[in-house]
Amino acid sequence: MEWTGARYADRPTVEVRTWIDAPPEKVWALVSDIELMPDMSEELRSVAWLDGATRPAVGARFVGRSEHEALGTWQTTSHVIECEPESVLAWAVEDPAAPSAVWRFRLRSERGGTELAQWMQLGPGRSGLSAAIDRMPDKEQKIVFVRLREFERNITATLARIKQRAEA
């Protein structure tokens, strides 16, 4: 990831793509099973559907518990904002109108397999990163850059694990 000088209010994003030698329906079965994600994530520790939901659908909610060496442990509630089987799954973290982050998996049939992209956007709503920025406003751009670089590394690892499972 190259330095962009982005600030939190810019709603900076990161995206990683991979090609998987498996059909979209097999990849979709993995990315849409959110309860599998803690096994594939560097920070996410547990996930549970809320309100009786058992699978993604627009409006469904789930709680995620995460942990980071520098940020500690936290819990968020996410709201599914896009769900098109074998195509896209996206969720807004906390307030859907002003999320602390938006996450998206996008699948595309390609060369007999699936191109899988995972994308995330910081903000515009406040997050744990906001507290660090409040304490050190002169370092905001560096804080944002370092966190985006962590997300890029973690997303790369997540996609590698999804690829491994889908191709097994």
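Asks: It is not clear to me how the overall build of the chain should be interpreted in this structure. Could you clarify?
Replies: Within the chain one finds four helices and seven strands. Taking 2.2 N^0.38 as the reference for a compact globule, 168 residues should give roughly 15 Å; the C-alpha atoms of the chain span a radius of gyration of 16 Å, in line with that estimate. By principal-axis analysis of the C-alpha atoms, the chain measures approximately 50 × 40 × 25 Å. Sorting the 168 residues of the chain into buried and exposed places 49% on the buried side. For the chain, the share of sequence-separated contacts (at least 6 apart) that also reach a separation of at least 24 residues comes to 53%. With the model as given, the accessible surface of the chain reaches about 8800 Å², and the carbon-plus-sulfur share is 48%. Each charge class in the chain was averaged separately, 22 positive and 26 negative side chains, and the resulting centres sit 3 Å apart.

Asks: Before we go on, may I ask you to explain the pairing of strand β4 (residues 72-84) in this structure?
Replies: Walk down a regular strand and you will see the side chains alternate between the two sheet faces. In terms of strand pairing, strand β3 (residues 61-68) meets β4 through eight bridges, oriented antiparallel. Bridging across to β4, R65 finds its partner in Q75. Between β3 and β4, which pair antiparallel one after the other, the connecting turn spans three residues. As defined by bridge partners, β4 adjoins strand β5 (residues 88-93) across six bridges and the pair is classed as antiparallel. Looking at β5, one finds that S78 is bridged to V93. The turn linking β4 back onto β5 is made up of three residues, and E86 within it adopts a positive phi angle of 65 degrees.

Asks: What's the story with the packing of helix α3 (residues 128-135) against helix α4 (residues 140-167) in this structure? I'm lost.
Replies: Geometrically, a packed helix pair is captured by the angle between its two axes and the distance between the axes. Two elements in contact, α3 and α4, have axes whose closest approach is 9 Å; the angle formed by their N-to-C orientations is 150 degrees. With respect to their mutual orientation, α3 and α4 come out roughly antiparallel. Read as a crossing pair, α3 and α4 show a hand that is right-handed. In this structure, α3 uses L129, A132 and I133 to contact α4, whose residues at the interface are E140, I143, V144 and R147. For the contact of α3 with α4, the per-class residue count stands at five nonpolar, no polar and two charged.

About the cut-offs
- Residues numbered from 1 in each chain as written.
- Predicted model: local features only at pLDDT ≥ 70, side-chain atom pairs only at ≥ 80, totals over all residues.
- Heavy atoms only, no water.
- Helix = DSSP H or I, 4+ residues; strand = E, 2+ residues; numbered from the N terminus.
- Rg over C-alpha atoms; globule rule 2.2 N^0.38 Å.
- Buried < 20%, exposed > 50% of the residue type's maximum accessible area, 1.4 Å probe, protein only.
- Contact = heavy atoms within 4.5 Å.
- Areas by Shrake-Rupley, 256 points an atom, 1.4 Å probe, with all protein chains shown as cover.
- Lys, Arg positive; Asp, Glu negative; His and termini not counted.
- Charge placed at Lys NZ, Arg CZ, Asp CG, Glu CD.
- Pairing = 2+ DSSP bridges.
- Axes fitted to C-alpha atoms, helices over the stretch in contact; angles between N-to-C directions.
- Parallel < 35°, antiparallel > 145°, perpendicular 65-115°, else oblique.
- Left-handed = near helix turned anticlockwise from the far one by under 90°.
- Nonpolar A, V, L, I, M, F, W, Y, C, P; charged D, E, K, R; others polar.

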